[in-house]
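Below, each chain spelled out in residue letters.
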Amino acid sequence: MSDVRQQRLEVRLAQSEAEILASQRLRYKVFYEERGAQPTADMIDSKRDFDHYDPICDHLLVIDHGRGDGADGVVGTYRLLRQSVANQNGGFYSADEYQIESMLSTVKSGEIMELGRSCVEEGYRTMPTLQLLWQGIAAYVFEHDIKLMFGCASFHGTDPDAFSDVLTYLHHNHLAPEDMRPRAVAERYESMARASIDGIDARQALRDLPPLIKGYLRLGGYVGDGAVVDHQFNTTDICIVLPTEKVTERYYKHYERTARVS
């Protein structure tokens, strides 16, 4: 994919092992040191978040060239896994939490992509950084003919009742169409319909959404059925489904026009 740049910040795929290691160190800092996830002993020793999916994924990076042109400049990251790759390597990460078979079967041509491990360094959590990440994702979507994106997004904390109103609002207003609706695996299923919808202030529920989830909804995303508590990461997860045809023109269509004139 082509690189995208805004002043000092650039978004592109990792080009070296050193840059992937830098993204893992950033993930460790955000997930474990800031948000209270539970690292393994090996993660503590290396100060990195890693798993067996990292070697098969593409790692989208935001780099601040004011700090460095490579690993030293990594201030944001997203992990991308295409179905053509996942099928050859044991499947998708999200399958541990959600039944996704029916969703996968809805795409007859083109790729499906799992989004995950999104984080941005404190101090860079601004709209321009997030927009840059999404421009990078849009370029990747166009290059690889991706028709559907999905992945887990999180609330900080492991008590679903703490997010009762927001989960209920999502369940009643943004549930994915049945044919592409992931469902939390039975042994981990937590109902999202935790309160009476009549007593919920929809505007307040939207304001209370984590920025990442709010961003997915603005781009036309849906949610799956059921939440999942992830004690390792100290989160309550929901599954997001985002058809790329619903991505706003300011992202996806920009790259379509660029390709036609190049």
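Undergrad: For this particular structure, what's the right way to read unusual backbone geometry?
TA: Peptide bonds are trans in most cases, and residues, glycine excluded, mostly fall at negative phi. Unlike most non-glycine residues, Lys47 shows phi in positive territory, near 55°. Inspection of the secondary structure puts Lys47 in the loop between α2 (41-46) and β3 (58-64). By relative accessible area, which is 40% here, Lys47 ends up partly exposed. Backbone geometry at Asn234 places phi at a positive 60°, although glycine is not the residue there.

Undergrad: Explain the pattern of salt bridges here, please?
TA: Think of it this way: side chains of opposite charge can pair up when their charged atoms draw near. Counted under the stated rule, the structure contains 17 salt bridges. The residue Asp51 makes a salt bridge to Arg117 at a minimum N-O spacing of 3.2 Å. Note that Asp51 is positioned in the loop between α2 and β3 and Arg117 in strand β6 (residues 111-120), a separation of 66 residues in sequence. For the pair Asp51 and Arg117, a shared accessibility class is recorded, and that class is buried. Here Arg67 ties to Glu121 by a salt bridge, and the two come within 2.8 Å at their closest N and O atoms. Here the residue Arg67 occupies a position in the loop between β3 and β4 (74-82), and Glu121 occupies one in the loop between β6 and α5 (127-143), the gap between them amounting to 54 residues. When salt bridges with common partners are traced through the structure, they connect Arg27, Asp49, Asp51, Asp54, Arg79 and Arg117 into a single cluster.

Undergrad: What should I look at first to understand helix α8 (residues 211-218) in this one?
TA: Within the span of α8, buried status applies to Ile213, Gly215, Tyr216 and Leu217. The inward-facing, buried residues of α8 abut β4, β6, α5, β7 (146-156), α6 (164-173) and β11 (235-243). Gly220 occupies a position one or two residues after α8 and carries a positive phi of about 95°.

Undergrad: Would you take a moment to explain the confidence of the model for the protein chain for this structure?
TA: Note that predicted coordinates carrying low pLDDT should not be read in detail. Mean pLDDT over the protein chain works out to 91, with 92% of the residues at or above the 70 mark. Counted against residues more than four places away or in other chains, residues 254-262, with its pLDDT under 50, gives 8 contacts.

Undergrad: Please explain the environment of Gly110 as it appears in this structure.
TA: Position of Gly110 among the secondary structure elements: in the loop between α4 (101-104) and β6. Counting along the chain gives 37 residues from Gly110 to Lys147, while the straight-line C-alpha distance between them is 5.9 Å. Contacts of Gly110, omitting those with residues within four sequence positions, involve Asp145 and Lys147.

Undergrad: Looking at this model, I keep getting lost on the pairing of β3. Mind explaining?
TA: The two faces of the sheet receive side chains in turn, since in a regular strand these alternate between them. The buried fraction of β3 is high, at 6 of 7 residues. By the bridge criterion, 5 bridges tie strand β2 (residues 9-13) to β3 in an arrangement that is antiparallel. Across the sheet, residue Leu13 finds its bridge partner in β3, namely Leu60.

Rules of the game
Residues numbered from 1 in each chain as written. Predicted model: local features only at pLDDT ≥ 70, side-chain atom pairs only at ≥ 80, totals over all residues. Heavy atoms only, no water. Helix = DSSP H or I, 4+ residues; strand = E, 2+ residues; numbered from the N terminus. Buried < 20%, exposed > 50% of the residue type's maximum accessible area, 1.4 Å probe, protein only. Salt bridge = Lys/Arg side-chain N within 4 Å of Asp/Glu carboxyl O. Contact = heavy atoms within 4.5 Å. pLDDT = per-residue confidence, 0-100. Pairing = 2+ DSSP bridges.

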